[in-house]
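So you can see what is in the structure, the chains are spelled out below.
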Amino acid sequence: MIEEYVKRTTRHSPCESELFDSEAALLDWVDRQAGRTPAYAILLDSRGKEYSSEEFAGQIGRLRDEGTQRLVLAIGPADGWSPEARQRADLLLSLGRMTLPHQLARVVLAEQVYRAFTILAGHPYHSGH
Ligand SMILES: C[S@@+](CC[C@H](N)C(=O)[O-])C[C@H]1O[C@@H](n2cnc3c(N)ncnc32)[C@H](O)[C@@H]1O
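What you are looking at is a predicted structure, and each value in this text was computed from that prediction instead of being measured. (Residues numbered from 1 in each chain as written. Predicted model: local features only at pLDDT ≥ 70, side-chain atom pairs only at ≥ 80, totals over all residues. Heavy atoms only, no water.)

Mind showing me how you'd approach the packing of helix α3 (residues 53-65) against helix α5 (residues 102-121) here?
A pair of packed helices is captured by two measures, namely the crossing angle of their axes and the spacing between those axes. For the pair α3 and α5, the least separation of the axes is 8 Å and the interaxial angle reads 75°. Overall, the two elements α3 and α5 adopt an arrangement that is roughly perpendicular. Here S53, E54, F56, A57, I60, G61 and R64 of α3 lie close against α5, whose contacting residues are Q112, V113, R115, A116, F117, I119 and L120. Looking at side-chain class alone, the contact of α3 with α5 contains eight nonpolar, three polar and three charged residues. (Axes fitted to C-alpha atoms, helices over the stretch in contact; angles between N-to-C directions. Helix = DSSP H or I, 4+ residues; strand = E, 2+ residues; numbered from the N terminus. Parallel < 35°, antiparallel > 145°, perpendicular 65-115°, else oblique. Contact = heavy atoms within 4.5 Å. Nonpolar A, V, L, I, M, F, W, Y, C, P; charged D, E, K, R; others polar.)

Just to check I follow, could you spell out the pattern of salt bridges for this structure?
Once their charged atoms are close, side chains differing in charge can pair, the charge on each being opposite to the other. Within the structure shown, the criterion is met by 10 salt bridges. Salt-bridge contacts for R88 lead to D31; the nearest nitrogen and oxygen are separated by 3.6 Å. Of the two residues, R88 sits in helix α4 (residues 83-88) while D31 sits in helix α2 (residues 23-32), which places them 57 residues apart along the sequence. Its relative accessible area of 24% is what places R88 among the partly exposed residues. (Salt bridge = Lys/Arg side-chain N within 4 Å of Asp/Glu carboxyl O. Buried < 20%, exposed > 50% of the residue type's maximum accessible area, 1.4 Å probe, protein only.)

Looking at this model, I keep getting lost on the site of the ligand. Mind explaining?
Looking at the ligand, there are 19 residues lining it, with L44, G76, L95, G96 and M98 nearest. Take G76: an N or O atom from its main chain is 2.7 Å from an oxygen atom of the ligand. Between the ligand and A78, the relevant distance is 3.0 Å, taken from a nitrogen atom to a main-chain nitrogen or oxygen of the residue. Bound to the protein, the ligand loses 81% of the 580 Å² it would expose on its own. Sorting the residues of the shell around the ligand by element identifies β1 (40-50), β3 (91-94) and α5 as the ones contributing at least two each. Broken down by element, the residue count for the shell around the ligand peaks at three residues, all from β1. Its residues assigned to classes, the shell around the ligand comprises 10 nonpolar, seven polar and two charged. (Near = heavy atom within 4 Å. Polar contact = N/O pair within 3.5 Å; in protein donor to acceptor, adjacent residues only side chain to side chain. Areas by Shrake-Rupley, 256 points an atom, 1.4 Å probe, with all protein chains shown as cover.)

Hey, could you run me through helix α1 (residues 2-9) in this one?
Given 3.6 residues to a turn, an α-helix orients residues that are three or four positions apart in the same direction. Buried within α1 are the following residues: I2, Y5, V6 and T9. Within α1, the buried residues cover an arc of 100° as seen down the axis, which keeps them to one side. Those residues of α1 that are buried lie in contact with α5. (Arc of directions from axis to C-beta.)

How should I be thinking about the confidence of the model for the chain in this particular structure?
Detailed conclusions should not be drawn from predicted coordinates in areas where pLDDT is low. Looking at the chain as a whole, the pLDDT averages 95, with 99% of positions reaching at least 70. The secondary-structure element of the chain with the lowest mean pLDDT is α2, recorded at 95, while β3 shows the highest, at 98. (pLDDT = per-residue confidence, 0-100.)

What should I look at first to understand the UniProt feature "binding site: S-adenosyl-L-methionine" (unreviewed entry) in the chain in this one?
Per the UniProt annotation, the sites labelled "binding site: S-adenosyl-L-methionine" (unreviewed entry) are L44, G76, L95, G96, R97, M98, T99 and L100. Within the fold, G76 resides in the loop between β2 (71-74) and α4. Ignoring any residue separated from it by four or fewer positions in sequence, one finds G76 in contact with L44, W81 and H102. Along the chain, the position of M98 falls in the loop between β3 and α5. (UniProt positions renumbered as here; feature names shortened; annotations may be inferred.)

So, in structure tokens, the structure goes:
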């Protein structure tokens, strides 16, 4: 399912899914994604900020319009994010207050990213209900 949503998202914007052995490897990779602007890092955390799908799409649209070149959305390690990772995060994003197993969180995130791009494009995938 993750592959399918990533593939669908690439019709709207270049998109890829990566796996890392450790949080440190992820953060190092994030720093190396900087182009003209640093990569914008959204770390998934059940205690983070909650958005509706429309609000999330709006946030992605704003970042795009402001010229953000790289958006990284990351699911955390089994024990959750370290203080260093929280400090690096530009945004802590919650999919809801319940804790999801990380594979399930990946699927929900991949689907919501795809949904956000369909909302921005006015595509009928999102009916709003
Ligand atoms: C199994 S969870 C880790 C739970 C960790 N023991 C804790 O209590 O923070 C693995 C990762 O899935 C993601 N995750 C799980 N539930 C989430 C939710 N409701 N919202 C956002 N991210 C979530 C987070 O990135 C988390 O670091």
